[in-house]
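Given next are the chains, with one letter for each unit.
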Amino acid sequence: MGGWYWIGVCVGLGAAAGVLLSGIAGGARATLALAGVLALAAGAGLGLAVESWQPGGWGDVVAGLLGGLAGALGAAQVVRGALRRGGTRGGTATLVAGAALVVAALAWVPVVGYLEALALPVLAARLRRRAPERYAGLRTLAK
């Protein structure tokens, strides 16, 4: 396979790392930000590992970075929504970890790693747009 294949694998594996770390982090903004930074580091590490093993050069590292960021951003919205709607932290983390395994497995299919990195942020933006607005409601009467 050519370098393009290994770059796609790095993108997909980085996205899987981002999904996994966001699932473990939970719904708090600070922990999700930390998960995003760790996903960048994990993606870079995966990119360096693949780069030392197969051709691809620095493209593997950059692809791993971007994949980790895309995975963390995409999964963070899903995790926050699940926890906001009453999901437990452990259950949500388990389900998201399973999804991360699926993302990692699909990363080995040619071109799918690229599609994962594009689809995860689009999913997050779509979920964010569909989320109901927060308003005071009856809390204004409690004053």
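Everything numeric here is computed off the predicted structure, so don't read it as measured data.

Reading guide: rules and limits
Residues numbered from 1 in each chain as written. Predicted model: local features only at pLDDT ≥ 70, side-chain atom pairs only at ≥ 80, totals over all residues. Heavy atoms only, no water. Helix = DSSP H or I, 4+ residues; strand = E, 2+ residues; numbered from the N terminus. Expected span 1.5 Å × (residues − 1). Buried < 20%, exposed > 50% of the residue type's maximum accessible area, 1.4 Å probe, protein only. Core = buried A, V, L, I, M, F, W, Y, C linked by side-chain atoms within 4.5 Å. Contact = heavy atoms within 4.5 Å.

1. A word on helix α5 (residues 112–130)
Then comes step 1: In a regular helix each residue adds 1.5 Å, so 19 residues correspond to 27 Å; α5 covers 26 Å between its end C-alpha atoms and thus fits that length.
Then comes step 2: Those residues of α5 that fall on the buried side of the exposure criterion are G113, E116, A117, L120 and A124.

2. Comments concerning the nonpolar core
Then comes step 1: Y5, W6, V9, C10, V11, L13, V50, A63, A70, A107 and A117 together form the largest nonpolar core, which totals eleven residues.
Then comes step 2: Those elements that provide at least two residues to this core are α1 (3–25) and α3 (58–84).
Then comes step 3: Setting aside residues no more than four positions away along its own chain, A63 makes contact with I7, C10 and V11.
Then comes step 4: Judged by nonpolar contacts, the second largest core, of nine residues, contains A75, V96, A100 and V103.

3. Examining unusual backbone geometry
Trans peptide bonds make up the majority, and among non-glycine residues the majority have a negative phi.
Then comes step 1: A positive phi angle is found at V111, which is not glycine, with a value near 75 degrees.
Then comes step 2: When you line up the elements, V111 lands in the loop between α4 (89–106) and α5.

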